[in-house]
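If you want the building blocks of each chain, they are given just below.
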Amino acid sequence: MRYSEGADLDPSGVQDRRGGGFGGGRGLAVGGGGLGLVGVLVLVLFQVLGGGGGGTGAALGQLGGQLGGLGEGQTADNTQLEQQCRTGADANESVDCAVVADIESIQDYWSGVLGPDYRPTDTVFFNGSVRTDCGGATSGSGPFYCPADRLVYIDLSFFDTLQQQFGAEGGLFVNAYVIAHEYGHHVQNLLGINQQVTPGETGPTSGTVRLELQADCFAGAWANHAETVPDESGQPLIAEITQDDVDRALDAAARIGDDFIQQNLGGGTVDQDAFTHGSSEQRQRWFSTGYQTGDPAQCDTFATDDLG
């Protein structure tokens, strides 16, 4: 994956709460039971969702609330990001700046798809632990989206965890897939799709799994268009996504499937009744559906009996 060398980066979509400054938090994340990306989203969703009702086309005005603010004792300082992440050349050299570019591209894409119905939101960079309107979280929680404050949260050391603990090949496009998945949850929140999920429901065809597979598909749809999504200057931030990049993303999707995690990082037994995010095969299938079609309308996992 390459970013356009001369493209201008805009770090305003990030709240850098790391405290240690640019490049912090590179160690291996610990805790979270080895669940990482698949560990906390269901928890925070069910803490703040009021249950059923509504549907995919739920009115945006029903969402209510404003973007979450900082918790007590938390500060956001983007000074170093603004100094270090100026162009696409910086994104090609730095994971921090690459994620800044990913966030901008993903949100530009959804703004184009949804028009005024899309409300941009920030990604919070943190180290160690963070306070959210969905409760406290640690680095071991992995990346997640909090519907209550409509913010994406990530300790960037998760990208190391994905390789070192999950055995993923990793790479800049894998990182972008992770971010795009979380912004897929933001889109679901804006559209009211998550209201179709029964709190606490698990299983291979549960609403919880359908929500996650759709977020994978949304990530794939963005990736299909990433090389052509224009920024404010009219030029794309992302210059190239190769087949190797896509293969690496599919490898990562397989390693965060419920069956892979249960068998390799859990007790060694696969229990489909406990699935919350979908199998490895399902996650690969739905990312591929989005990537191959480039059409979010093909991502309606709630309208099919065949999840793969």
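Residues numbered from 1 in each chain as written. Predicted model: local features only at pLDDT ≥ 70, side-chain atom pairs only at ≥ 80, totals over all residues. Heavy atoms only, no water.

**Student:** Would you take a moment to explain the packing of aromatic side chains for this structure?
**Tutor:** Each aromatic ring pair is summarised here by two numbers: the centre-to-centre distance and the angle between the ring planes. Tallied over the full model, the rule gives seven aromatic pairs. An aromatic cluster of three or more residues is present, and its members are Phe173, Tyr177, Phe287 and Tyr291. (Phe/Tyr/Trp six-rings, centres within 6.5 Å; stacked < 30°, edge-to-face > 60°.)

**Student:** I tried to follow the nonpolar core on my own but got confused; where do I start?
**Tutor:** Within soluble globular proteins, side chains that are nonpolar generally end up buried alongside one another. Ranked by size, the top nonpolar core spans 69 residues in total, and within it Leu9, Trp110, Leu162, Phe173, Tyr177, Trp222 and Phe287 carry the most contacts. If you list the elements that add at least two residues to this core, you get α4 (95-114), β7 (151-154), α5 (158-164), α6 (172-191), α7 (207-225), α8 (243-255) and α10 (280-293). Tallying contributions element by element places α6 first for this core, with eleven residues. Leu9 has contacts with Cys85, Arg86, Thr87, Gly88, Ala91, Cys97, Val100, Ala101, Glu104 and Leu237, leaving out every residue within four places of it along the chain. Judged by nonpolar contacts, the second largest core, of nine residues, contains Val124, Phe126, Val130 and Cys134. (Core = buried A, V, L, I, M, F, W, Y, C linked by side-chain atoms within 4.5 Å. Buried < 20%, exposed > 50% of the residue type's maximum accessible area, 1.4 Å probe, protein only. Helix = DSSP H or I, 4+ residues; strand = E, 2+ residues; numbered from the N terminus. Contact = heavy atoms within 4.5 Å.)

**Student:** I would appreciate a short explanation of unusual backbone geometry in the present structure.
**Tutor:** Phi is mostly negative for residues that are not glycine, and the peptide bonds are mostly trans. Look at Arg150: it is not a glycine, yet its phi comes out positive at around 55°. Along the chain, Arg150 falls in the loop between β6 (144-146) and β7.

**Student:** It is not clear to me how α10 should be interpreted in this structure. Could you clarify?
**Tutor:** An α-helix turns once every 3.6 residues. As a result, residues three or four positions apart point the same way. Relative to the 20 Å expected for 14 residues at 1.5 Å per residue, α10 spans 20 Å between its end C-alpha atoms, a close match to the ideal helical length. Each element contacted by the buried residues of α10 is listed here: α6, α7, α8 and α9 (258-264). (Expected span 1.5 Å × (residues − 1).)

**Student:** Would you take a moment to explain the sheet that holds β6 for this structure?
**Tutor:** Note: strands within a sheet are paired through backbone hydrogen bonds, in either parallel or antiparallel orientation. Strand order in the open sheet formed by four strands is β2-β3-β7-β6, and the pairing between neighbours is mixed. Pairing within the sheet leaves two strands with one partner each, and these edge strands are β2 (14-16) and β6. Going across the sheet, the axis of each strand differs from the next one's by a mean of 25°, ignoring polarity. Relative to β7, β6 runs antiparallel, the two sharing three bridges. From the neighbouring strand, Tyr145 faces β7, where its bridge partner is Val152. Sheet strands touched by α6: β3 (123-125), β6 and β7. Its angle to β6, the strand with the most contacts, is close to 25°. (Pairing = 2+ DSSP bridges. Axes fitted to C-alpha atoms, helices over the stretch in contact; angles between N-to-C directions.)

**Student:** Can you walk me through the pattern of salt bridges in this structure?
**Tutor:** Oppositely charged side chains may form a pair once their charged atoms are brought near each other. This structure, assessed with the given rule, holds seven salt bridges. Here Asp216 and Arg283 are joined by a salt bridge, their closest N and O atoms 2.8 Å apart. Of this pair, Asp216 sits in helix α7 while Arg283 is found in helix α10, placing the two residues 67 residues apart along the sequence. Across this residue pair, the class does not change: Asp216 and Arg283 are buried. (Salt bridge = Lys/Arg side-chain N within 4 Å of Asp/Glu carboxyl O.)

**Student:** Hey, could you run me through the environment of Glu82 in this one?
**Tutor:** Summarising the element assignment, Glu82 is placed in helix α2 (residues 79-84). Sequence separation between Glu82 and Ser12 is 70 residues, and the spatial gap between their C-alpha atoms is 8.4 Å.

**Student:** Would you mind going over the environment of Ala176 with me for this structure?
**Tutor:** Structurally, Ala176 is set in helix α6. Accessibility expressed as a relative area gives 0% for Ala176, which makes it buried. Each C-alpha atom of the pair Ala176 and Ala249 lies 9.0 Å from the other, and the pair is 73 residues apart in sequence. Contact partners of Ala176, with chain neighbours within four places excluded, come to Met1, Asp102, Ile106 and Trp222.

**Student:** Sorry if this is basic, but what is going on with the side chain of Asp16 here?
**Tutor:** As for its placement among the helices and strands, Asp16 is situated in strand β2. In this structure the side chain of Asp16 is engaged in a polar contact, spanning 2.8 Å, whose partner is the side chain of Arg18. Beyond its immediate sequence surroundings of up to four residues, Asp16 is in contact with Thr75, Ala76, Asp77, Asn78, Leu81 and Phe125. (Polar contact = N/O pair within 3.5 Å; in protein donor to acceptor, adjacent residues only side chain to side chain.)

**Student:** How do you make sense of α6 when you look at a structure like this?
**Tutor:** Helix length check: α6, at 20 residues, gives a terminal C-alpha distance of 29 Å against a target of 28 Å (1.5 Å per residue), a fit within 8%. Among the 20 residues in α6, 19 count as buried, and that is most of the element. Once α6 finishes, Gly192 follows within two positions and takes phi at roughly 80°, a positive value.

**Student:** Help me understand the confidence of the model for the protein, please; the structure alone is not making it clear to me.
**Tutor:** Detail in the predicted coordinates should be disregarded across regions flagged by low pLDDT. Model confidence for the protein is summarised by a mean pLDDT of 84, while 82% of its residues fall at 70 or above. This stretch, residues 20-73, has a pLDDT under 50; its non-local contacts, to residues over four places away or in other chains, come to 130 contacts. (pLDDT = per-residue confidence, 0-100.)

**Student:** How should I be thinking about the environment of Ser94 in this particular structure?
**Tutor:** Take Ser94: it is sitting in the loop between α3 (88-93) and α4. Residues Ser94 and Leu172, spaced 78 residues apart in sequence, show a C-alpha to C-alpha distance of 9.6 Å.

**Student:** Hey, could you run me through a negative patch on the surface in this one?
**Tutor:** Together, Asp10, Asp77, Glu82 and Glu232 make up a negatively charged patch on the protein surface. Within the element layout of this structure, Glu232 appears in the loop between α7 and β8 (238-240). (Patch = residues over 30% accessible without salt bridge, like charges linked within 9 Å, V, L, I, M, F, W, Y side chains within 5 Å. Areas by Shrake-Rupley, 256 points an atom, 1.4 Å probe, with all protein chains shown as cover. Lys, Arg positive; Asp, Glu negative; His and termini not counted. Charge placed at Lys NZ, Arg CZ, Asp CG, Glu CD.)

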